[in-house]
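# Residue-level structure breakdown
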Amino acid sequence: MRILKIQTLRGPNYWSIRRHKLIVMRLDLDNLAETPSNEIAGFYEGLVEALPSLEGHYCSPGCRGGFLMRVREGTMMGHIVEHVALELQELAGMHVGFGRTRETATPGIYQVVIEYLNEEAGRYAARAAVRLCQSIIDRGRYPKAELEQDVQDLKDFWRDASLGPSTEAIIKEAEKKGIPWMPLPARFLIQLGYGIHQKRIQATMTNNTGILGVELAGDKEATKRILDANGVPVPRGTVINFFDDLEEAIEYVGGYPIVIKPLDGNHGRGITIDIRNWEDAEAAYEMARQVSRSIIVERYYVGRDHRVLVVNGKVVAVAERTPAHVVGNGKSTITELIEETNLDPKRGDGHDNVLTKIELDRTSYQLLDRQGYTINSVPPQGEICYLRATANLSTGGSAVDRTDEIHPENRWLAQRIVRIIGLDVAGIDIVTSDISRPLRELDGVIVEVNAAPGFRMHVAPSVGIPRNVAGAVMDMLFPNEQSSRIPILSVTGTNGKTTTTRLLAHIYKQTGKVVGYTTTDGTYIGDFLVESGDNTGPQSAHVILQDPTVEVAVLESARGGILRSGLGFENANVGVVLNVSADHLGIGDIDTIEQLAHLKSVVAEAVFPDGYAVLNADDHRVAAMAEKTKANIAYFTMNPDSDLVRKHIQQGGVAAIYEHGYLSIVKGDWTHRIERAENIPLTMGARAPFMIANALAASLAAFVQDVTIEQIRAGLRGFRASVSQTPGRMNLFNLGKYHALVDYAHNAASYEALGSFVRNWTTGQRIGVIGGPGDRRDEDFVTLGRLSADIFDYIIVKEDDDTRGRPRGSASDLIVEGITQVKPNYRFESILDETTAINKALDMAADGSLVVVLPESVNRAIKLIKMRGVQEEVQPQQSINNDSQNGIASSSVVNTLI
């Protein structure tokens, strides 16, 4: 077997709207293409031996063991690889269950789709599954050591990708509240929400967290001085920078017992408590010095260690922390007791689990010695043997929830402290013998104030009630159900996507909001270009959604991006599907128009239930998408007598209709006439039905988002088919004696529509510079040639610079084949270089001629034309209405696909 390609999907996609995280592997079964599993000797036995846990896979029989039943009876290897890849992830602790396997149009080549939780792990699992199955086929077995290594590697991927328990708690709460999130590419930042409504977190610091508060909390001595000045009980202590000052510092704090810790340490690193002699003080100083140049020496206060969590000025959780320890049973050594304790499934490495495994360091041995033990000692039954001096969970400590026990005065004091330091989220460390009594009664003290406190002890205490502290953070960031989203309007279709996206963005600008939009020619925010290029995939969508100034997102969603990565967002408020016609077929295993329609329907299906799918009622494949989406439906139509739309309106639906020369919004028994089509520049004087349809779709999408009719009208009137607003979309240039037209028509439907305009050019010659993307099917190029022969008087056939894997000259030959099928004696020539072809066409243009350029590079074509001395860039409708100057029949009906 050979893996041909592996893709990672991250959003709603061709395979699933709900399951966003999918790996798609294109797998060539090679000589197994005709061989089911029951014909491979020993395969079933080898698979069960390697992965007996596959017994839990139901598969199509719908019962436990159903999948293995299929293997025994005979199923294809692609299907088996799917289940093995899922099971490998399960064995590594990643619970996934979605998979699909489909044979492509090429016999023996399958698409194997598996769910993942971690991208790297998902891709690894796909490759490992092929490796495992191939090994069983070749050798009858998969070595146990290799399987164990696979599982361990997958566990490592999962562990390394962990965001940490605090961040994950916040993310889970965000998901529960329906707040979108995404990781940002620096400093472990997480964005919550989109655009102008976004918030950011880094662990438990938020964009509300002040730098002054963080800096102050990080300076433990400064924190203590500030609190002391405000009457807060703190340990008596001092800061030293040299070992020679240690003895004097001990005397200053009142003698032993003392605490020595680094000035700017965290997570308990470098801290030694309850020091009772000079030898231990020397060792503690050296350990603290490894963390910080400056060392704190404090009086040690006897009591229990408590962490009080304050969020947005309110105490939300209290935990009593106990240092790592074991309890004697009278039989086992301390080493054995530690091993037994670490077997607890709640304990893991680092922050992997609720608790952390206990590991010993130098201070552990010192502490054991102070208690009269060694690691080989056998503590009596019930005897507690402490292994760490500090109670941090990261060093194996445990936590008991005390939230309901804290005394009101202590609660008030904690909340006051956080305001003094200036933090929105803070963990206050308190030492007291009883948190249910005021500190002043028990000589309790505030030991530290921590910025970015860990949540693990509160969300998963060892004993007691878990507290939803992440909920308090989300309520602070998004109070009173404040919106976390901006409107997302997604546009797709075979033709018209870019023009409709740009028009819709232009209409929305009339509201005064900052609009971010993506198109095939670039990513824009407001009136400015962020990045040029074909930016219709999820990465460009993220640029818009991550920008903190954007108030509305209008996103062109092309087939390629959806197929390669899925949509760049989970849900949209409006999904517009313009049309579906034959284009890009045979690419990415989309071989039929029906499959292409299914791919485009992702945009409609990903709309919120209270949003709108804006669908073309005149395209039966698009209209049928109404059955697949849970969103409200809004139709647009060029046919005022459409039965589908009439019934939809009678049922209370909304629609955009072209009627009596007007673009109108219709709902129930009222009609809002937006504007006459002839007054909308984009429609070319109402002579371009397809452009009218684009305008209907954009107007309807804006209307269902509460943009007013007046604002829609203003947007329609102010939008033109120009280089500045629609580059490469019906850009007409007056070169004095002749005209040049640049359009990005590149498929049969767009050629046919363009022909409706070009055929009505009645003076000079109609010269076409034509071609098409190299990854189209052979028959598509032949069709373009046939259509061109009926449109132009003279044709120059060129090729794109990027032939997309097709041999140079092949596409040109196929187009020529189509031309000669229609007109064997037709006048044409082949000039493969696009620049040379364009210049040749411009050179040969006689007076009154029209040179039509269908380029690979729109910018290059426009530049070459402008070098000829453009007198003006004109609107196509201007040319239509000026018959004598431009030679266009006034009775023409233009149907341009853009």
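Just above, that's the structure.
Residues numbered from 1 in each chain as written. Predicted model: local features only at pLDDT ≥ 70, side-chain atom pairs only at ≥ 80, totals over all residues. Heavy atoms only, no water.

### Remarks on helix H22 (residues 643–650)
Turning to H22, its buried residues are Val-645, His-648 and Ile-649. Down the axis of H22, the buried set is contained in an arc of 95 degrees. They therefore lie on one face. Across H22 from its buried face, at more than 90 degrees, point the exposed residues Asp-643, Lys-647 and Gln-650. Those residues of H22 that are buried lie in contact with strand E29 (632–637), strand E30 (654–659) and strand E31 (662–667). Among the residues trailing H22, Gly-652 stands out with phi positive, at a value near 95 degrees. (Buried < 20%, exposed > 50% of the residue type's maximum accessible area, 1.4 Å probe, protein only. Helix = DSSP H or I, 4+ residues; strand = E, 2+ residues; numbered from the N terminus. Arc of directions from axis to C-beta. Contact = heavy atoms within 4.5 Å.)

### Here's the deal with the side chain of Ser-292
Inspection of the secondary structure puts Ser-292 in the loop between helix H10 (278–289) and strand E12 (295–299). A polar contact is formed between the side chain of Ser-292 and the backbone oxygen of Ser-294, at a distance of 2.9 Å. Among all residues touching Ser-292, those that are not within four sequence positions of it are Pro-262, Leu-263 and Asp-264. (Polar contact = N/O pair within 3.5 Å; in protein donor to acceptor, adjacent residues only side chain to side chain.)

### Quick notes on unusual backbone geometry
That bond from Tyr-256 to Pro-257 is cis: its omega, 0 degrees, falls within 30 degrees of zero. With respect to the helices and strands, the residue Pro-257 is situated in the loop between helix H9 (246–252) and strand E10 (258–262). Not every positive phi belongs to a glycine, and Asp-706 is a case in point at roughly 70 degrees. The residue Asp-706 is located in the loop between helix H23 (689–703) and helix H24 (709–717) in this model. Under the relative-accessibility criterion, Asp-706 is labelled exposed at 69%.

### Section: the environment of Ala-186
Tracing the chain through its elements places Ala-186 in the loop between strand E5 (181–183) and strand E6 (190–192). The exposure class assigned to Ala-186 is partly exposed, which follows from its relative accessible area of 40%. C-alpha of Ala-186 to C-alpha of Ile-40: the two residues are 146 residues apart in sequence and 50 Å apart in space.

### What about the nonpolar core?
Counting 75 residues, the largest nonpolar core has Phe-636, Leu-663, Leu-700 and Leu-716 as the members making the most contacts within it. For this core, the element with the highest residue contribution is H23, accounting for 11 residues. Sequence-distant contacts of Leu-716, that is, excluding residues within four places in its chain, are made with Leu-503, Ile-507, Leu-663, Ile-674, Ile-680, Pro-681, Ala-695 and Ser-699. Among the nonpolar cores identified, the runner-up in size contains 48 residues, and Leu-9, Val-24, Val-580 and Ala-604 belong to it. (Core = buried A, V, L, I, M, F, W, Y, C linked by side-chain atoms within 4.5 Å.)

### Quick word on the sheet that holds strand E27 (residues 572–577)
Spatially, the 11 strands line up as an open sheet ordered E25-E24-E23-E26-E22-E27-E28-E29-E30-E31-E32, and their pairing is mixed. If you trace the sheet from one side to the other, it starts and ends with strand E25 (528–532) and strand E32 (670–676), each paired once. Along the sheet, successive strands turn relative to each other by an average axial angle of 15 degrees, direction set aside. Pairing of strand E23 (residues 515–519) with strand E24 (residues 522–525), which is carried by 4 bridges, proceeds in the antiparallel orientation. Bridging from a neighbouring strand, Thr-519 pairs with Gly-522 of E24. The sheet strands contacting helix H17 (residues 497–509) are strand E22 (488–492), E23, E24 and strand E26 (552–556), and the helix crosses E23 at an angle near 175 degrees. (Pairing = 2+ DSSP bridges. Axes fitted to C-alpha atoms, helices over the stretch in contact; angles between N-to-C directions.)

### Some points on a negative patch on the surface
A cluster of acidic residues, Asp-244, Asp-245, Glu-247, Glu-248 and Glu-251, forms a negative patch at the surface. Note that Asp-245 resides in the loop between strand E9 (237–240) and H9. On the basis of relative accessibility, which here comes to 31%, the residue Asp-245 falls in the partly exposed class. (Patch = residues over 30% accessible without salt bridge, like charges linked within 9 Å, V, L, I, M, F, W, Y side chains within 5 Å. Areas by Shrake-Rupley, 256 points an atom, 1.4 Å probe, with all protein chains shown as cover. Salt bridge = Lys/Arg side-chain N within 4 Å of Asp/Glu carboxyl O. Lys, Arg positive; Asp, Glu negative; His and termini not counted. Charge placed at Lys NZ, Arg CZ, Asp CG, Glu CD.)

### A few points about a nonpolar patch on the surface
Taken together, the side chains of Val-327, Ile-384 and Tyr-386 make up a nonpolar region of the molecular surface, amounting to roughly 230 Å² of accessible area. As for its placement among the helices and strands, Tyr-386 is situated in strand E18 (residues 384–386). On the accessibility criterion, Tyr-386 (33% relative accessible area) is partly exposed.

### Let's talk about the packing of H10 against helix H12 (residues 362–370)
Taken N-terminus to C-terminus, the directions of H10 and H12 make an angle of 160 degrees; their axes are 12 Å apart at the nearest point. As the angle between them shows, H10 and H12 are arranged roughly antiparallel. Two packed elements cross with a definite hand, and for H10 against H12 that hand is left-handed. From H10, Asp-280, Ala-283 and Met-287 reach across to H12, where they touch Arg-362, Thr-363, Gln-366 and Arg-370. A breakdown of the residues in the contact of H10 with H12 according to their chemical character gives 2 nonpolar, 2 polar and 3 charged. (Parallel < 35°, antiparallel > 145°, perpendicular 65-115°, else oblique. Left-handed = near helix turned anticlockwise from the far one by under 90°. Nonpolar A, V, L, I, M, F, W, Y, C, P; charged D, E, K, R; others polar.)

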